[in-house]
Amino acid sequence: MAVYQYRCAEHGLLEVARPIGTAAGSEPCPDCAAPAPRVFTAPRLSLGSARNRALIDRTERTADQPAVVSAPPSRGATPQTHNPALARLPRP
């Protein structure tokens, strides 16, 4: 279910839960029965977990601000991994 918002001129915002894609252009106000037009708002992403919000933020940031390095890694630098299968690989 998605939550859609409508604005009554006299009573303000009201929220209606409907299946996704079935929202009407207006809903009757429960107080005065006047037609309240739908208000388009941003999705409620803030209600998700902090980990998911951070992932979304990082993903969006890479589109405009990709990580850039100033120099290649030094020759002696080896990646720190904790996978024991990688320790059995042949070394150059």
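You'll find the structure just up there.
Presented here is a report on the structure given in the accompanying data block. (Residues numbered from 1 in each chain as written. Predicted model: local features only at pLDDT ≥ 70, side-chain atom pairs only at ≥ 80, totals over all residues. Heavy atoms only, no water.)

## Brief notes about the nonpolar core
In step 1: Residues Ala2, Tyr4, Tyr6, Cys8, Leu14, Val16, Cys29 and Ala36 constitute the largest nonpolar core, which totals eight residues.
In step 2: Sorting the residues of this core by element identifies strand 1 (2-8) and strand 2 (12-18) as the ones contributing at least two each.
In step 3: In terms of residue count, the dominant contributor to this core is strand 1 (four residues).
In step 4: Once residues within four sequence positions are removed from consideration, Val16 is found in contact with Ala2, Val3, Tyr4, Tyr6 and Glu27. (Core = buried A, V, L, I, M, F, W, Y, C linked by side-chain atoms within 4.5 Å. Buried < 20%, exposed > 50% of the residue type's maximum accessible area, 1.4 Å probe, protein only. Helix = DSSP H or I, 4+ residues; strand = E, 2+ residues; numbered from the N terminus. Contact = heavy atoms within 4.5 Å.)

## So, unusual backbone geometry
In step 1: Of note in the backbone geometry, Ala33 takes a positive phi value of approximately 65° without being a glycine.
In step 2: Its place among the elements puts Ala33 in the loop between strand 3 (26-28) and strand 4 (35-39).

## Details of the state of the cysteines
In step 1: One pass over the structure, following the stated rule, counts zero disulfides.
In step 2: With no disulfide of its own, Cys29 has Cys8 as its nearest cysteine by sulfur position, at a separation of 3.7 Å.
In step 3: In this structure Cys32 is not part of a disulfide, and its nearest cysteine sulfur, from Cys8, lies 3.7 Å away.
In step 4: For Cys32, a relative accessible area of 32% gives the class partly exposed. (Disulfide = S-S within 2.5 Å.)

## Overview of the side chain of Glu27
In step 1: Counting through the fold element by element, Glu27 comes out in strand 3.
In step 2: Owing to a relative accessible area of 13%, Glu27 belongs among the buried residues under this scheme.
In step 3: At 3.1 Å, the side chain of Glu27 and the side chain of Arg18 are in polar contact. (Polar contact = N/O pair within 3.5 Å; in protein donor to acceptor, adjacent residues only side chain to side chain.)

## Remarks on the pattern of salt bridges
In step 1: Evaluated as defined, the whole model comprises one salt bridge.
In step 2: Of the charged contacts in the structure, one is a salt bridge between Arg18 and Glu27, with a shortest N-O distance of 3.1 Å. (Salt bridge = Lys/Arg side-chain N within 4 Å of Asp/Glu carboxyl O.)

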